[in-house]
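Commentary on secondary and tertiary structure
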Amino acid sequence: MAQLAEKPTAATPRIGKQGDPCVMVIFGAAGDLTARMLIPSLYNLARADLLSKEFAVLGVARTPMSDEDFRKKILQDVKEYCGDCVADAAWDHFSQRFYYFAGDFNDDKLYPQIKAHLGGIDRDHSTHGNFFYYMATAPSFFGPIVEKLAANGLMEQSNGHWRRVIVEKPFGHDLESAKTLNQQLLKVAAEPQIYRIDHYLGKETVQNILAFRFANGIFEPIWNRRYIDHVQISVAETVGVEGRGSYFDHAGSLRDMVPNHLMQLISLTAMEPPISFEANAVRDEQAKILHAIQPMSDEEVLSRSVRGQYGEGTFAGQRVPPYRFEPDVAPDSRTETFVAMKLLIDNWRWADVPFYLRTGKRLPARNTHIVIQFRRAPFVLFRDTSVEHLMPNQLVLHIQPEEGISLQFAAKVPGPVMRLGTVDMNFEYQQYFGKQPSTGYERLLHDCMIGDQTLFQRADMVEAGWSVVNPVLDLWKALPPRNFPNYDSGTWGPKEADELLERDGRRWRNFEQ
Ligand code: BG6
């Protein structure tokens, strides 16, 4: 196996610059996202020496807590959620920078108090007046919190300091509401201050799509309709709704996964090479692809999209209940837990190359991957192997849990006769780079601290993503499903999803683990 000249490991000294001095204000500091993702990510950044020495956190939430309680809580959080995080001397230094303030986000009186607190923290930690606000709250608070921060002068950038806001998903629940939220934010903040997060862009393997395509000379020339037959993007999950029934039963898989995570994967796979890696250069190209996705008519929605809901089934020998029995889910729910779609991109590179997407819960394996299927060889010389028996070349970008890239091609089966078989050439991240401690949020938080918006969604991209799914949302609402539940837990979704590809003479590539 080829070796890297130098293998970076977790112990490798800092690669990249430290974040600016700043205070991170977390709205929703007592919640799950803060505990599972934000605190472990900040600690990983501290351990990699990527946080400024002048850094502090102010947690805000409704739960009453003192600074000391908050520090005890985050210690529990890292112990629970950050596999190899050890709370050592570095921890004390880290945790002393955490402060907490209890209050109701809707209360106007909270914001002058936050302002006063921030003033003190800024002085004590020399954070230069740089603040960023993380919206780890229910979506209904995003707009109002930012408006109230602005009304108290907390979004104002003057005297060389910066103010930024990170907005979590879901960003709206359809095109109209996403536009409204954009307007609300853009009334009080400029686009370069707004960081719309999509945690898929924090994944190494997702970022690697850009490196793979644009740092290598051999793939780009064949990355087009002349050589590529079709693309499949699958985000398969084994989990059900994991106690999030009250959110999910209103959202459904289409809203939950497609306008955001799947659109990121499509745009990175299909975009033109940007003129530089400057944030807007990359995002311009992503936005162009999203705008080039062919809008679907009602007829096309019917023929090119599939929805499903899981019934009961078996997982690792255990019976699991149907979606409709999950806590906080209506017993006659018509919410989809599976979506498959065929999209077309109207540009010169991709005309007539279908992009098939699917995502679903309670599928047999957790596996996210992108399959690029190339056209078949025009004819096969070898008499003993018919063309139909040979698989076309497939390049697979394995996003998770396997992280790597594999290329499938034909090879001679050893023996006295000429027979062909299909083999795989594999690259595995872990084999080359070892395991890095990461939640996937480190890069995104660090980018916000250095003012790099490349991996954050711009207003136009979010709206373009919703424009793709809106016709589907509308038609599905007008024609509620009559056959739910229509797939068993532990299977690859409804049979219509297979038929979607079979009609075109293709089939899904399933990875069982
Ligand atoms: C979230 C969705 O955005 O992404 C969840 O709300 C989903 O429903 C999750 O399970 C999947 O993320 P990951 O990183 O596990 O693929």
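What comes next concerns the included structure.

Below, the discussion takes up the sheet that holds strand 9 (residues 310-315). Strand order in the open sheet formed by three strands is 10-9-17, with mixed pairing between adjacent strands. Every interior strand has two partners, whereas the edge strands, strand 10 (318-320) and strand 17 (487-489), have only one. Neighbour to neighbour, the strand axes of the sheet diverge by 25° on average, direction disregarded. Two strands pair when backbone bridges link them, and strand 9 and strand 17 are joined in this way by three bridges, in the parallel orientation. Paired with glycine 311 across the strands is aspartate 488, a residue of strand 17.

The next thing to look at is the site of the ligand. What surrounds the ligand is the set Lys169, His199, Tyr200, Lys203, Glu237, Arg244, Asp256, Met257, His261, Lys361, Arg366 and Gln400. Here an oxygen atom of the ligand sits 2.7 Å away from a polar atom, N or O, in the side chain of lysine 169. Taking histidine 261, its side chain carries an N or O atom lying 2.7 Å from an oxygen atom of the ligand. Within the complex, the protein chains bury 84% of what would otherwise be the 390 Å² of accessible surface of the ligand. The element contributing the most residues to the shell around the ligand is helix 8 (residues 245-270), with three residues. The residue makeup of the shell around the ligand, split by class, is two nonpolar, three polar and seven charged.

Following glutamine 400, the chain continues into proline 401 via a peptide bond in cis, with omega recorded as -5°. Looking at where proline 401 falls in the secondary structure, it is placed in the loop between strand 14 (394-400) and strand 15 (404-413). Phenylalanine 484 connects to proline 485 through a cis peptide bond whose omega is -10°. Among the secondary structure elements, proline 485 is positioned in the loop between helix 13 (459-478) and strand 17. The phi dihedral of asparagine 159 is positive, around 50°, even though this residue is not glycine. Looking at where asparagine 159 falls in the secondary structure, it is placed in the loop between helix 5 (142-151) and strand 5 (163-167). The phi dihedral of arginine 362 is positive, around 60°, even though this residue is not glycine.

This part takes up the sheet that holds strand 14. Through backbone hydrogen bonds, the strands of a sheet pair up, either in parallel or in antiparallel fashion. Pairing within the open sheet is mixed, and its eight strands lie in the order 8-11-12-7-13-14-15-16. In the strand order of this sheet, the two ends are held by strand 8 (305-308) and strand 16 (419-428), each with one partner. The mean angle between the axes of side-by-side strands here comes to 15°, regardless of whether they run parallel or antiparallel. Bridge analysis of strand 14 against strand 15 gives five bridges, and the strand direction is antiparallel. The partner of glutamine 394 across the bridge, within strand 15, is glutamine 408. Sheet strands in contact with helix 7 (residues 204-214) are strand 13 (367-374), strand 14 and strand 15, and its direction is about 145° off that of strand 14. Taken strand by strand, helix 14 (residues 495-502) contacts strand 7 (228-236), strand 8, strand 11 (338-343) and strand 12 (355-360), and its axis lies near 15° from that of strand 11.

Rules used throughout
Residues numbered from 1 in each chain as written. Predicted model: local features only at pLDDT ≥ 70, side-chain atom pairs only at ≥ 80, totals over all residues. Heavy atoms only, no water. Pairing = 2+ DSSP bridges. Helix = DSSP H or I, 4+ residues; strand = E, 2+ residues; numbered from the N terminus. Axes fitted to C-alpha atoms, helices over the stretch in contact; angles between N-to-C directions. Near = heavy atom within 4 Å. Polar contact = N/O pair within 3.5 Å; in protein donor to acceptor, adjacent residues only side chain to side chain. Areas by Shrake-Rupley, 256 points an atom, 1.4 Å probe, with all protein chains shown as cover. Nonpolar A, V, L, I, M, F, W, Y, C, P; charged D, E, K, R; others polar. Contact = heavy atoms within 4.5 Å.

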